[in-house]
Amino acid sequence: MEHRVRLQIISVLVVNDSYDFNALKELLDITDGNLATHLKALEREKYISISKSFVDRKPNTRYKVTERGRTAFKKHLDALEELIKQQRK
Amino acid sequence: MEKNSDYQKDIESIRHMMEKSVKFLSLSGLSGILAGVYAMIGAGFAYSVVYLPQTPFDYANQSAKEITIIIRLMTIALAVLIASIITGYGLASRKASKLGVKVWNTTSKRLVINLLVPLLAGGIFLIFLAFYGYFVLLRLHF
């Protein structure tokens, strides 16, 4: 989860019930392919779950963070905090 | 090896994404319903002020342009406004504290700003109408 974009994706998913692909893309201001790559990586690690459906006959893909993803995120934030504190000394 | 400023930027961007992605609005729907109720009660009072004779000795209702009537109507309007604002803020802060969020966040600020503009425009328009005596139109707006 070291990538800044992956951190951003997870942070969006921890404060919202779910988020769809296009909303994420707009929010993060990255390309389709870029976003898809990161999402695939996160899904492979089982940090997020995907649910695909149709809205108005258009495909709609929604993402949720998993418990595993939440824990990993928190650990990552703690680690970042530690690192910052260390470097301040 | 990332520098300290990079870690800072990571945390900044995380916080930024969290705030930007959430559309939490502290304003509760109940306060809107109550505002409408207050407005109807106020309208009832306004009606009695203008249309009902004030004393048993009046044989006709007073003209709506008299200054006492106008002052009474303005007080009713002001009371409705104050009651609505207090209710709105009170319910919003209760809802926000229950969920552990601030009442004043980016979403509510945006809401107030976007509402204030047409609200003020409408209010000024109505005041102009009142000034020129067009009370019939005023009543329709109420």
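Anything mentioned here points back to the structure above.
(A) Region of the structure containing the nonpolar core. Grouped together as the largest cluster of nonpolar side chains are 26 residues, with contacts concentrated most on Ile9, Leu24, Leu35 and Leu39 of chain A. Looking at this core, the elements with two or more residues in it are helix H1 (4–15), helix H2 (21–28), helix H3 (32–44), strand S3 (58–65) and helix H4 (67–88) of chain A together with helix H1 (4–21) of chain B. If you tally residues by element for this core, the top one is H1 of chain A, at 6 residues. Setting aside chain neighbours within four positions, we find leucine 39 of chain A in contact with Ile9, Phe21, Leu24, Ile48 and Tyr63 of chain A.

(B) Broad picture of the packing of H2 of chain A against H3 of chain A. All names here are of chain A. The contact between H2 and H3 brings their axes to 10 Å, and the two run at 110 degrees. Looking at the two axes, H2 sits roughly perpendicular to H3. The hand of the H2/H3 crossing is right-handed. Facing Phe21, Leu24, Lys25 and Leu28 of H2, the residues of H3 in contact are Asp32, Leu35, Ala36 and Leu39. For the contact of H2 with H3, the per-class residue count stands at 6 nonpolar, no polar and 2 charged.

(C) How the structure looks around the pattern of salt bridges. Residue and element names in this part refer to chain A. Within this structure, the stated rule accounts for 6 salt bridges over all chains. The residue lysine 25 makes a salt bridge to aspartate 32 at a minimum N-O spacing of 2.8 Å. The partly exposed category is assigned to aspartate 32, whose relative accessible area is 39%. Notably, a salt bridge pairs aspartate 78 with lysine 74, separated by 3.1 Å at the nearest N-O pair.

The rules we used
- Residues numbered from 1 in each chain as written.
- Chains lettered and ligands numbered in written order.
- Predicted model: local features only at pLDDT ≥ 70, side-chain atom pairs only at ≥ 80, totals over all residues.
- Heavy atoms only, no water.
- Core = buried A, V, L, I, M, F, W, Y, C linked by side-chain atoms within 4.5 Å.
- Buried < 20%, exposed > 50% of the residue type's maximum accessible area, 1.4 Å probe, protein only.
- Helix = DSSP H or I, 4+ residues; strand = E, 2+ residues; numbered from the N terminus.
- Contact = heavy atoms within 4.5 Å.
- Axes fitted to C-alpha atoms, helices over the stretch in contact; angles between N-to-C directions.
- Parallel < 35°, antiparallel > 145°, perpendicular 65-115°, else oblique.
- Left-handed = near helix turned anticlockwise from the far one by under 90°.
- Nonpolar A, V, L, I, M, F, W, Y, C, P; charged D, E, K, R; others polar.
- Salt bridge = Lys/Arg side-chain N within 4 Å of Asp/Glu carboxyl O.

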